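Breakdown of the fold
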Amino acid sequence: MNSNRRACVPFFEEMNRQRLALTYDDILLIPGHAELLPNQVKVGSMFSRNVPLMIPIVSAAMDSVTGSRLAIAMAMLGGLGVIPRHRPPKEQRDEIKRVKFALSGMIREPITVREDETIEAIENMRREKGYRFHSFLVTNSARRVTGLITRSEFRFCRDRSQTAADIMTTELITAEPGTTIEQAYATMCREKKTVLPLIGDDGEFQGMYLFNDVERTMTGSSAGYNLDSQGRLRVAAAIGVGDEALERVSYVVGFADVVVIDTAHADTDSVFATVKEIKKQFGDRIDVVAGNISDRGAAKRLADCGVDGIKVGQGPGSICTTRVVTGVGCPQATAVFNACEAIGADIPICADGGIKFSGDIPKAIGCGGHSVMIGSLLAGTTEAPGEVDFRFGDPVKLYRGMGSKSALEESRASRERYGQAEGYAGGKDALVPEGIEGSVPYSGDLKTVLDQLVGGLRNSMGYIGAANIEELRQKADFWRDTEAGKSESHPHGVKMLRDAPNYRRPE
Ligand code: XMP
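So, a few notes on the structure that sits alongside this text. Counting of residues starts from 1 at the beginning of each chain's written sequence and follows it residue by residue. With pLDDT at 70 or above as the cut-off, local features in this predicted model cover only qualifying residues; side-chain atom pairs require 80 or more to be listed or tallied, and sums for whole chains, interfaces and linings still use all residues. No hydrogens and no water enter the side-chain calculation; it runs on all heavy atoms of the structure.

1. A closer look at the pairing of strand E8 (residues 136-139)
The test is simple: Whether a residue is buried, partly exposed or exposed follows from its accessible area with a 1.4 Å probe, protein chains only, as a fraction of its type maximum: under 20%, in between, or over 50%, in that order. Secondary structure elements are defined from DSSP: runs of H or I of at least 4 residues count as helices, runs of E of at least 2 residues count as strands, and each element is numbered from the N terminus. Strands pair, by our definition, only if DSSP identifies at least two bridges between them. For crossovers, right-handed means that the path from the first strand over the helix to the second runs clockwise, given strands pointing away from the viewer.
Burial along E8 is two-sided: the residues Phe136 and Val138 and Leu137 and Thr139 are all buried. In terms of strand pairing, strand E7 (residues 112-114) meets E8 through three bridges, oriented parallel. Within the sheet, the bridge partner assigned to Thr112 lies in E8 and is Leu137. In terms of handedness, the path from E7 via helix H4 (residues 119-129) over to E8 forms a crossover that is right-handed. Hairpin connection between E8 and strand E9 (residues 145-149): a loop of five residues separates the two successive antiparallel strands, and Arg143 in this loop has a positive phi of roughly 65°.

Printed below as a string of structure tokens:
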């Protein structure tokens, strides 16, 4: 990546000379000669040094956006979900494991049940943990596998007080640890088995394959999923700084692909020390992305600490009030450009916040981002946490800033994000929110929303003649838009009679 040759450098350097900071609405991409159709472009990118994306979209680490359900759907659609840190480390790890175990070629640490557990207790555990699968290996007191219960054992069990041992099947076909997914597929097809436990010579079980997941991987119907090297969905975990962060990393390492140091201001010694300590203690076992920042110096300092990715954005988010409450921040297009220019190395940048329309995504990438992080546009989906509510007859879902009053009151992690962990002397009433609580229109399934966002990105790349994300970063150049230009860009002089799937008039 040679950032000096990027086409937009002269434009932004000129703007910087005038101290004019711009955001997505201030700029328009200049079309270029194109020999590509939108469906021919490649939209894969990187979130961090070792964590790829099939689509350059990441869901925000916010309690009203990313739970395990949305993270599963995000990864199955090629993106990535960041599980927030508002819950204790163990609960966050459970959420992450739900994503990792939602689908996988091979499950290394299958959830097991004991022979003496009742079916009622096992079903309660399934519900509480939110597990979507029904296959459990059954173990005896010596932790040796003695049987298996699957969906049909649950279905035909008429007495919930029976134990796992009462209903389990003991006719197991097993395989050696180290069995590849291809070998597992062949064995399962031959033996007509949906579960294949891997048992070592000493009788210790070391994982298991599930047929649905193996078949999906082998037949290519998982093409487009964001999978790790073991065929499991990728997922990220938000962490804070200091000891709490290291504790969280120790809980999620092995399950999360990347941790995201989630602070409102990452240009601090505590963030630098945390990055270095994670790298020292966990080495290459997990990537570390840090944010947020919005200027060159901060990006450079983070890069010097050895981060694997940088998140840019101070105040662009739909629910953010940081800029008005503190007077600090930088409009997002300039922030992304400057961070990208400062690094001059292969550290992916995630442009976090402020995406209102699909066209903002190619603009963010054109400025230098490798991915975008989105909150509001995903908070209204079926998969986002919370139920659909009605406001004045319209279906909505609640969406709140992690620095909003209620989030600060409820969660120490939120207070930490905004440097108010211990509160102020005046107690809870003296907390200073930097976000609001609100609602967004209910927008249906995540797939429908992402299809429009990625479709808009593809069309944009077709106009610019960019065959892939890196080409978009290199070729993108911008016009500075005007107020008249902006009103020309939005529908004008016409009353909209029907909702469009990808356009809502700005409020
Ligand atoms: P969008 O625009 O996609 O932005 O809704 C999501 C991003 O906003 C950030 N965030 C906040 N920023 N106060 C802030 O200043 C807050 O309360 C707040 N909550 C979230 C965060 O970076 C998220 O990804």
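There's more to say after this.
2. With respect to the nonpolar core
Within soluble globular proteins, side chains that are nonpolar tend to cluster in buried spots. For clarity, the threshold we go by: Think of a nonpolar core as a cluster: buried Ala, Val, Leu, Ile, Met, Phe, Trp, Tyr and Cys residues, connected wherever their side-chain atoms sit within 4.5 Å. Any two residues whose heavy atoms approach within 4.5 Å are treated as being in contact.
Ranked by size, the top nonpolar core spans 136 residues in total, and within it Phe12, Phe47, Ile57, Ile149 and Ile278 carry the most contacts. Once residues lying within four places of it in the same chain are set aside, the contact partners of Phe12 are Leu22, Ile27, Ala333, Thr334, Phe337, Cys367 and Phe478. By size, the runner-up hydrophobic cluster in this structure holds ten residues, among which are Met106, Met188, Leu198 and Phe211.

3. Here's the deal with the sheet that holds strand E19 (residues 394-400)
The following threshold applies: Where helices are involved, their axes are fitted lines through C-alpha atoms of the stretch in contact, as for all axes, and angles between N-to-C directions lie from 0 to 180°.
If you walk across this open sheet you meet the three strands as E18-E19-E20, and the pairing is antiparallel. Two strands in the sheet have a free side with no partner beyond their single neighbour: strand E18 (389-391) and strand E20 (437-441). Geometrically, the sheet is characterised by an average inter-axis angle of 55° between neighbouring strands, direction not taken into account. Two elements, E18 and E19, share three bridges in a ladder whose sense is antiparallel. In the sheet register, Phe390 faces E19, and the bridge partner there is Pro395.

4. So, the site of the ligand
Operational definition: Whether a residue is near a molecule or strand depends on its heavy atoms: it is near if one of them lies within 4 Å of it. Whenever a nitrogen or oxygen atom comes within 3.5 Å of another N or O atom, the pair is scored as a polar contact, on the condition that within protein one atom can donate a hydrogen and the other can accept it, and that pairs from neighbouring residues in sequence are kept only if both atoms are in side chains. Here the accessible surface of atoms and residues is derived via Shrake-Rupley with a 1.4 Å probe, and residues count as covered only by protein chains that are part of the display. Side-chain classes follow a simple rule in which Ala, Val, Leu, Ile, Met, Phe, Trp, Tyr, Cys and Pro form the nonpolar group, Asp, Glu, Lys and Arg form the charged group, and the remainder, Gly included, forms the polar group.
Cys320, Thr322, Asp352, Tyr399 and Gly403 are the nearest of the 24 residues found near the ligand. Tyr418 places a polar side-chain atom, nitrogen or oxygen, 3.0 Å from a nitrogen atom of the ligand. Its free accessible area being 520 Å², the ligand has 95% of it covered by the protein chains. The residue inventory of the shell around the ligand, partitioned by class, reads nine nonpolar, twelve polar and three charged.

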